[in-house]
Amino acid sequence: EDGWNGTLTSEFTREALGADDNGQAMTLDLRSYFPVFPRHAVVAARVAGAASWGDLVVRRQFSASGSGPQLLGFDFGSDAIGLLRGLSEDAIVGTRAAVVNVDYRFPLQQIERGVGTWPAFARVLHGAVFVDAGHAWDDAFRSSEVTVSLGAELSLDAVVGYVLPLTFTAGGAWVSHDRGVVGFARVGRAF
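Since the model is a prediction, treat every value here as computed from it, not as a measurement.

Participant: Honestly, the overall build of the protein chain in this entry has me stumped. Any pointers?
Facilitator: Scanning the protein chain from N- to C-terminus turns up 0 helices and 10 strands. From first element to last, N terminus to C terminus, the protein chain shows the α and β order β-β-β-β-β-β-β-β-β-β. Taken along the three principal axes of its C-alpha coordinates, the protein chain extends 60 × 40 × 30 Å. Evaluated residue by residue, the protein chain yields a buried proportion of 38% over its 191 residues. Here the contacts in the protein chain between residues at least 6 apart in sequence split such that 56% fall between residues at least 24 apart. The averaged location of the 21 negative side-chain charges in the protein chain is 7 Å from the averaged location of its 15 positive side-chain charges.

Participant: I would appreciate a short explanation of the packing of aromatic side chains in the present structure.
Facilitator: For any pair of aromatic rings, geometry is given as the distance between the ring centres together with the angle between the planes. As enumerated under the stated definition, the model contains 5 aromatic pairs in all. The interplanar angle of 70° and the centroid separation of 6.3 Å between the aromatic rings of Trp4 and Phe34 together place this pair among those described as edge-to-face. You can see Trp4 sitting in the segment before strand 1 (5–13) and its partner Phe34 sitting in strand 2 (residues 23–36), a full 30 residues away along the chain. Among the residues examined, Trp4 registers a relative accessible area of 44% and is labelled partly exposed. Taking the relative accessible area as the measure of exposure, Phe34 reaches 37% and is therefore partly exposed. Its guanidinium or amino end placed over the ring of Phe130, Arg85 lies 3.9 Å from that ring's centre, counting from NZ or CZ. Geometry around Phe191 places Arg105 over its ring, the cationic atom sitting 4.7 Å from the centre.

Participant: I tried to follow the nonpolar core on my own but got confused; where do I start?
Facilitator: Side chains of a nonpolar character, in soluble globular proteins, are inclined to be buried together. Phe62, Ala64, Ile81, Ile92 and Ala97 are the most contacted members of the largest nonpolar core, which has 17 residues in total. Setting aside residues no more than four positions away along its own chain, Ile81 makes contact with Thr27, Leu28, Arg46, Ala48, Gly49, Ala50, Ser63, Gln70, Ala97, Ala98 and Val99.

Participant: Which parts of the structure should I look at to understand unusual backbone geometry?
Facilitator: Among all residues except glycine, the phi angle is most often negative; among peptide bonds, the trans geometry is most common. In the segment running from Phe37 into Pro38, the intervening peptide bond is cis, with an omega of -5°. Topologically, Pro38 is positioned in the loop between strand 2 and strand 3 (41–54). The backbone of His177 shows a phi angle near 60°, a positive value even though the residue is not glycine. Summarising the element assignment, His177 is placed in the loop between strand 9 (164–175) and strand 10 (180–187).

Participant: Hey, could you run me through the environment of Ala136 in this one?
Facilitator: By the element assignment, Ala136 lies in strand 7 (residues 120–137). Expressed as a C-alpha distance, the spacing of Ala136 and Ile92, which sit 44 residues apart in the sequence, is 5.8 Å.

Participant: Would you explain the sheet that holds strand 2 in this entry?
Facilitator: The strands making up a sheet associate through backbone hydrogen bonding, with each pair oriented either parallel or antiparallel. Taken in spatial order, the 8 strands line up as 1-2-3-6-7-8-9-10 in an open sheet, and their pairing is antiparallel. Since the sheet does not close on itself, it has two edges, and those belong to strand 1 and strand 10, each with one partner. Sheet twist, expressed as the mean angle between neighbouring strand axes with direction ignored, is 15°. One ladder, built from 16 bridges, connects strand 6 (residues 96–114) with strand 7; its direction is antiparallel. Looking across to strand 7, one finds that Phe106 is bridged to Gly127.

Participant: Just checking my understanding: could you explain the environment of Asp139 for this structure?
Facilitator: Among the secondary structure elements, Asp139 is positioned in the loop between strand 7 and strand 8 (147–160). Given the relative accessible area of 74%, Asp139 is considered exposed. Between the C-alpha atom of Asp139 and that of Thr95, which follows or precedes it by 44 residues, the distance is 8.5 Å.

Criteria and thresholds
- Residues numbered from 1 in each chain as written.
- Predicted model: local features only at pLDDT ≥ 70, side-chain atom pairs only at ≥ 80, totals over all residues.
- Heavy atoms only, no water.
- Helix = DSSP H or I, 4+ residues; strand = E, 2+ residues; numbered from the N terminus.
- Buried < 20%, exposed > 50% of the residue type's maximum accessible area, 1.4 Å probe, protein only.
- Contact = heavy atoms within 4.5 Å.
- Lys, Arg positive; Asp, Glu negative; His and termini not counted.
- Charge placed at Lys NZ, Arg CZ, Asp CG, Glu CD.
- Phe/Tyr/Trp six-rings, centres within 6.5 Å; stacked < 30°, edge-to-face > 60°.
- Lys NZ or Arg CZ within 6 Å of the ring centre and 35° of its normal.
- Core = buried A, V, L, I, M, F, W, Y, C linked by side-chain atoms within 4.5 Å.
- Pairing = 2+ DSSP bridges.
- Axes fitted to C-alpha atoms, helices over the stretch in contact; angles between N-to-C directions.

Here is the structure:
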């Protein structure tokens with residue numbers, strides 16, 4: 001698809017409706033995919049943000065970090081927007097969070113094979129190089145505290161149990177602010 005697609009979600013918590021206090025939260029997730037060379041390669045871009053305000057008791061915390069897949073949908077969990085590969089989900093947390101991700105994804109090998117009659121089938125091996133940048137804060141955004149993650153990953157698209165499509169990913173990332181090089185793995189695409 002051309003252009004940017006995304007989701008905006010909001011949550012309102014009110015004492016009048018039985019909650020402990022009053023608060024609000026919003027998340028925004030925008031994504032776009034641009035075809036590039038070679039055939040089937042893309043530049044994938046994502047911008048996401050989350051904010052929570054109101055009484056402290058009901059104010060949400062959001063993570064800007066984590067290596068897990070980011071699903072496009074209705075989510076107010078702490079991991080609703082975070083994707084700084086090479087960091088745990090609880091590494092960068094605040095009542096406000098923002099993340100930018102850019103991937104160059106390219107095919108490596110069209111496998112289309114299984115082993116005998118085992119219920120597993122390897123489809124495509126592909127690679128990606130990426131840059132992630134994000135920050136979470138409570139009071140004021142400080143550009144000097146933005147964390148950057150640069151790295152690469154290999155992914156295998158497979159079919160398990162003859163019907164369940166899965167993507168298995170492993171990679172490595174250099175993370176700024178003296179965190180060094182870190183490995184990670186996940187089931188699913190980054191976004």
